[in-house]
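This is what each chain is made of:
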Amino acid sequence: MAQDTIDAEISGTQGDTPGQSKVEIRQVSKAYGDEWASESVIESLSVEIMPGELTVIVGPSGCGKSTLVNLIAGFEKPDSGEILLDGSKVKGPARDRMVVFQETALIPWQTTYQNIVFGPKLRGDLKGKALRSEAERLLDKVGLGEFKNKYPLQLSGGMQRRAELARALINNPRIMIMDEPFRGLDAMSRGLMQEFFLRLFEENRRTNLFVTSEIDEAIFLADRIIVLSNRPAQVRKVIEVNLPRPRDYKMLSSEEAYAIKRDAMEILHEEAMKSFKSGTKSDFAEAYAKSGQ
Ligand SMILES: Nc1ncnc2c1ncn2[C@@H]1O[C@H](COP(=O)(O)OP(=O)(O)OP(=O)(O)O)[C@@H](O)[C@H]1O
Ligand SMILES: [Mg+2]
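Before going into details, it helps to say that this report is about the structure given with it.

Thresholds, definitions, all that
Residues numbered from 1 in each chain as written. Chains lettered and ligands numbered in written order. Predicted model: local features only at pLDDT ≥ 70, side-chain atom pairs only at ≥ 80, totals over all residues. Helix = DSSP H or I, 4+ residues; strand = E, 2+ residues; numbered from the N terminus. Buried ≥ 20, exposed ≤ 12 C-beta atoms within 10 Å, placed from the backbone. Contact = placed C-beta atoms within 7 Å. Expected span 1.5 Å × (residues − 1). Arc of directions from axis to C-beta. Near = placed C-beta within 6 Å. Nonpolar A, V, L, I, M, F, W, Y, C, P; charged D, E, K, R; others polar. Core = buried A, V, L, I, M, F, W, Y, C linked by C-beta atoms within 7 Å. Pairing = 2+ DSSP bridges. Axes fitted to C-alpha atoms, helices over the stretch in contact; angles between N-to-C directions. Parallel < 35°, antiparallel > 145°, perpendicular 65-115°, else oblique. Left-handed = near helix turned anticlockwise from the far one by under 90°.

What about the environment of Asn230?
Here comes step 1: With respect to the element layout, Asn230 can be found in the loop between strand E9 (224-228) and strand E10 (235-240).
Here comes step 2: A tally of 25 C-beta atoms within 10 Å means that Asn230 is categorised as buried.
Here comes step 3: Considering only alpha carbons, one finds Asn230 and Ser275, 45 residues apart in sequence, at a separation of 6.9 Å.
Here comes step 4: For Asn230, the residues in contact, after removing those within four places along its chain, are Pro60, Cys63, Glu271, Lys274 and Ser275.

Focus on helix H6 (residues 187-204)
Here comes step 1: Here H6 is 18 residues long and its end C-alpha atoms lie 27 Å apart, about the 26 Å a rise of 1.5 Å per residue gives.
Here comes step 2: Of the positions making up H6, those classed as buried are Met193, Gln194, Phe197 and Phe201. In a view along the axis of H6, the buried residues occupy a sector of 105 degrees, so they form one face of it. Looking at H6, the residues exposed on the side facing more than 90 degrees away from the buried face are Met188, Arg199, Glu202 and Glu203.
Here comes step 3: At its buried positions, H6 is contacted by strand E3 (54-58), helix H5 (157-169), strand E8 (207-212) and helix H7 (215-221).
Here comes step 4: Looking one or two residues beyond H6, the residue adopting positive phi is Arg205, at roughly 50 degrees.

Observations regarding the environment of Gly145
Here comes step 1: Here Gly145 is to be found in the loop between helix H4 (128-141) and H5.
Here comes step 2: Sequence spacing of Gly145 and Thr112 is 33 residues, and the spatial spacing of their C-alpha atoms is 9.6 Å.
Here comes step 3: Excluding anything up to four places from it in sequence, Gly145 contacts Leu139 and Asp140.

Description of unusual backbone geometry
Excluding glycine, residues mostly carry a negative phi; peptide bonds, for their part, are mostly trans.
Here comes step 1: For the peptide bond that leads from Arg231 to Pro232, omega is -5 degrees, which places it in the cis range.
Here comes step 2: Structurally, Pro232 is set in the loop between E9 and E10.
Here comes step 3: Between Arg245 and Pro246 the backbone carries a cis peptide bond, its omega angle lying at 0 degrees.
Here comes step 4: Tracing the sequence through the fold places Pro246 in the loop between E10 and helix H8 (255-277).
Here comes step 5: Despite not being glycine, Asp86 has its phi angle at roughly 45 degrees, a positive value.
Here comes step 6: Counting through the fold element by element, Asp86 comes out in the loop between strand E4 (80-85) and strand E5 (88-89).
Here comes step 7: Here Asp86 falls in the partly exposed class, since 15 other C-beta atoms lie within 10 Å of it.
Here comes step 8: In this structure, Glu180 takes a positive phi of about 45 degrees despite not being glycine.
Here comes step 9: A count of 20 C-beta atoms within 10 Å places Glu180 in the buried class.

Some thoughts on the site of ligand 1
Here comes step 1: Around ligand 1, the neighbouring residues are Tyr32, Val41, Gly59, Ser61, Gly62, Cys63, Gly64, Lys65, Ser66, Thr67, Ser213 and Arg231.
Here comes step 2: With 3 residues, the single largest contributor to the shell around ligand 1 is helix H2 (residues 65-73).
Here comes step 3: Its residues assigned to classes, the shell around ligand 1 shows 3 nonpolar, 7 polar and 2 charged.

Focus: the nonpolar core
Here comes step 1: Of all hydrophobic cores here, the largest spans 66 residues; its most connected members are Val56, Ile72, Ile116, Ala166 and Ile177.
Here comes step 2: Apart from residues no more than four positions distant in its own chain, Ile72 is found in contact with Val23, Ile83, Val90, Arg97, Ile177 and Leu209.

Some points on the pairing of E10
Here comes step 1: Examined bridge by bridge, E9 and E10 share 5 bridges and lie antiparallel to one another. From the neighbouring strand, Ile225 faces E10, where its bridge partner is Ile239.
Here comes step 2: In this antiparallel pair of consecutive strands, E9 and E10, the connection spans 6 residues.

Quick word on the environment of Gly119
Here comes step 1: Within the secondary structure layout, Gly119 lies in helix H3 (residues 112-123).
Here comes step 2: C-beta crowding within 10 Å serves as the criterion here: with 17 such atoms nearby, Gly119 is assigned to the partly exposed category.
Here comes step 3: Sequence-wise, Gly119 and Arg95 are 24 residues apart; in three dimensions their C-alpha atoms are separated by 9.5 Å.
Here comes step 4: Setting aside residues no more than four positions away along its own chain, Gly119 makes contact with Ile170 and Asn171.

Notes on the packing of H5 against H6
Here comes step 1: Taken N-terminus to C-terminus, the directions of H5 and H6 make an angle of 25 degrees; their axes are 9 Å apart at the nearest point. On the basis of their axis angle, the class for H5 and H6 is roughly parallel. The crossing of H5 and H6 is right-handed. Seen from H5, the contacting residues are Gly157, Gly158 and Arg161; seen from H6, they are Ser189, Leu192 and Met193.
Here comes step 2: Partitioned by chemical class, the residues of the contact of H5 with H6 number 2 nonpolar, 3 polar and 1 charged.

Structural data, given as structure tokens:
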């Protein structure tokens, strides 16, 4: 067997082979703080992330979305309950679950190319020609072929996010987890990134979990939307989005999209109001008030 093939098998990187994995979150609870001043963030939350689907989580600000991401990624452990990836219990972080965060995690003193090859190179699981050609393939895929020798600060916000996507994808993860990755981008770049990300997903349907607080973004992207309650986070509703693929922005003005939006906004408004009553500031109540719904 050629060394490149061996390298590819060890790393699990086989071109575009999608990771169509299932995640089961069973009765998961998580609290922070010490015994006498503990704050419950997630309570008995059960939900399934289906293989080959793009599942979007929406929920009020501060409800525990990133905590849930950290639990699935294995950065944190649940206090009770369990998380299964294809039937095996998640015990810690691993490259079968890659996370792209809102904050850039690119290393500023390394070029785009160096950032992308950093992980596999460090581990030594993909080397030489195989690593170079996989990195080049992904750079082209995310439209950064010509920018591979630029440093992160020389890239626009949208380009940085695409570099992060390539950096995660080189690990060929079983599931991609995106925690509000486009928050902070201007409206135009955000729209372009949503479309770009959608095309990437529709190409090979890798299992994806995407967190957002924008309901339009959720409807545009999702196969399934999980609406969370206020903290402690629980599943309020699972909404199937049956808009056809490939998706188009015009579909957001369809009757079906409006119905989903009304449904989700009603729940989120209810949750925002509850947090108002309990004295917690909620960005969602503000956003809702401004949206004129
Ligand atoms: N490591 C930690 N230690 C203590 N408290 C934490 C920790 N991580 C999160 N929390 C608390 O858990 C709650 C939920 O936080 P989390 O970041 O999961 O919410 P979120 O829904 O992602 O919020 P946002 O919409 O702002 O991204 C917050 O009240 C936060 O203060
Ligand atoms: Mg968060």
